[in-house]
Amino acid sequence: MTRHLLRDDDLTPAEQAEILDLALELKADRWKEKPLAGPQTVAVIFDKSSTRTRVSFAVGIADLGGSPLIISTANSQLGGKETPSDTARVLERQVAAIVWRTYAQAGLEEMAKDTRVPVVNALSDDFHPCQLLADLLTIREHKGELKGLTLAFFGDGLSNMAHSYALAGVTAGMHVRIASPEDYAPRADVVADADRRAAETGGSLTLYTDPNEAAAGADIIVTDTWVSMGKEEEKTARLRDLGSYKVTQETMALAQEDAVFIHCLPADRGYEVDADVIDGPQSVVWDEAENRLHAQKALLVWLLRQQ
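The present account deals with the structure reproduced in this document. (Residues numbered from 1 in each chain as written. Predicted model: local features only at pLDDT ≥ 70, side-chain atom pairs only at ≥ 80, totals over all residues. Heavy atoms only, no water.)

1. Points about helix 12 (residues 285-305)
Applied cut-off: Secondary structure follows DSSP: runs of H or I at least 4 residues long count as helices, runs of E at least 2 residues long count as strands, and numbering of each begins at the N terminus. One fewer than the residue count of a helix, multiplied by 1.5 Å, yields its expected span. In this analysis the local bend is the angle between axes fitted, respectively, to the seven residues ending at and the seven residues starting at the residue. In this scheme, a residue with accessible area under 20% of its type's maximum is buried, one over 50% is exposed, and one in between is partly exposed, where area comes from a 1.4 Å probe on protein chains only.
In this model, helix 12 (21 residues) spans 30 Å end to end at C-alpha, consistent with the 30 Å of a helix rising 1.5 Å per residue. For helix 12, the principal kink sits at N291 and spans about 35°. Counting buried residues along helix 12, 16 of its 21 residues qualify, which places the element largely inside the surrounding structure.

2. Some details on unusual backbone geometry
Look at the link from G38 to P39: it is a cis peptide, with omega at 0°. Residue placement: P39 occurs in the loop between helix 1 (13-28) and strand 1 (41-46). Each neighbour pair has its own omega, and for L265 with P266 the value is 0°, a cis peptide bond. With respect to the helices and strands, the residue P266 is situated in the loop between strand 9 (260-263) and helix 11 (275-278). Its identity is not glycine, yet D114 carries a phi of approximately 70°, on the positive side. In this structure, D114 sits in the loop between helix 4 (105-112) and strand 4 (119-123). Notably, L265 is not glycine yet its phi reads approximately 70°, a positive angle. By the element assignment, L265 lies in the loop between strand 9 and helix 11.

3. A look at the pairing of strand 3 (residues 97-101)
Inclusion rule: Note on pairing: two strands pair once DSSP finds at least 2 bridges between them. When the strands point away from the viewer and the connection leading from the first strand across the helix to the second strand turns clockwise, the crossover is called right-handed.
Among the 5 residues that make up strand 3, 5 are buried, leaving the element largely enclosed by the rest of the structure. As paired strands, strand 1 and strand 3 are joined by 5 bridges and run parallel to one another. Following the sheet pairing, F46 is matched in strand 3 by R101. This β-α-β element, strand 3 to helix 4 to strand 4, shows right-handed connectivity.

4. Quick notes on the packing of aromatic side chains
Using the following cut-off: When two rings of Phe, Tyr or Trp (its six-membered ring) have centres within 6.5 Å they constitute a pair, described as stacked for plane angles under 30 degrees, edge-to-face for angles over 60, and tilted for the intermediate range. Consider the ring centre and the ring normal. A charge sits over the ring if Lys NZ or Arg CZ is within 6 Å of that centre and within 35 degrees of that normal.
Under the counting rule described, the total for this entry stands at 1 aromatic pair. Just above the ring of Y271 sits the side chain of K235; from NZ or CZ to the centre is 5.4 Å. Here K297 stacks its cationic end above the ring of W31, 6.0 Å away from the centre of that ring.

5. Details of the sheet that holds strand 2 (residues 67-72)
Within a sheet, adjacent strands bond to each other through the backbone by hydrogen bonds, running parallel or antiparallel. The cut-off we apply is this: Where helices are involved, their axes are fitted lines through C-alpha atoms of the stretch in contact, as for all axes, and angles between N-to-C directions lie from 0 to 180°.
Reading across from one edge, 2-1-3-4 is the order of the 4 strands in this open sheet, with parallel pairing throughout. Each edge of the open sheet carries a strand with a single partner, namely strand 2 and strand 4. The mean inter-strand angle of the sheet, taken between neighbouring strand axes irrespective of direction, is 20°. Both strand 3 and strand 4 contribute to a ladder of 4 bridges, which runs parallel.

Here it is, written out as structure tokens:
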């Protein structure tokens, strides 16, 4: 059966750890794996603008011996005259894998259904599993063992990043805290899925409305932009509602002394995080950005091995 990565809990705890192990190997020896030699082509489809996703997948596919085919839906039939399933049936006869950065999670699920090649969610409105593999890789590099660490996320708990931290974090056996206003709490079904996975791993998911309580003793402090793509018209309301969840030096002082700060970027300094935090000594955001390359290469190698 073809394996896909559409959401973070598509991977078991053992599979997630295996991919992170492989990512460390590929970071140490960039040219170790060439599963796409030929070169084989990987379709990388963008509904949304991108810097890190576009660069890391294009470079990573080339590193693996392949050829990235970058497709904009504005210049293709996908999303217009053609359904995701029909597009997949065309692509699977010509490419080794499909990577899609899109809006609706349902489109990815339709793309992957009955498709013979791996489909990778490079970001949807609901989840961002590729970013989480990079983030977990970064945390592992700086903290060692993931299991038992406490990660606190601040801001929009309904965001794709918060949902992915909930699922991927507990899959790694971490204690995930999400601090947000009640109206921005994570979806109930995602919380339920995270709780089920946490029961397997010893991790936990706890929701907070008080940001100071969430920060207390945390090993990792995390935030994301408050105004994601497609939410621009909500900017004024979001700045009002989420203002008290900004990560500041005071937030970092409540965490462990050796806590690290991560942010998937792009960042709005002065809004969700102060400049002296993201540009300060506890920030590991540039390691995190680089690790998109290594984590996604490992993911592609792993998925292709399952074929």
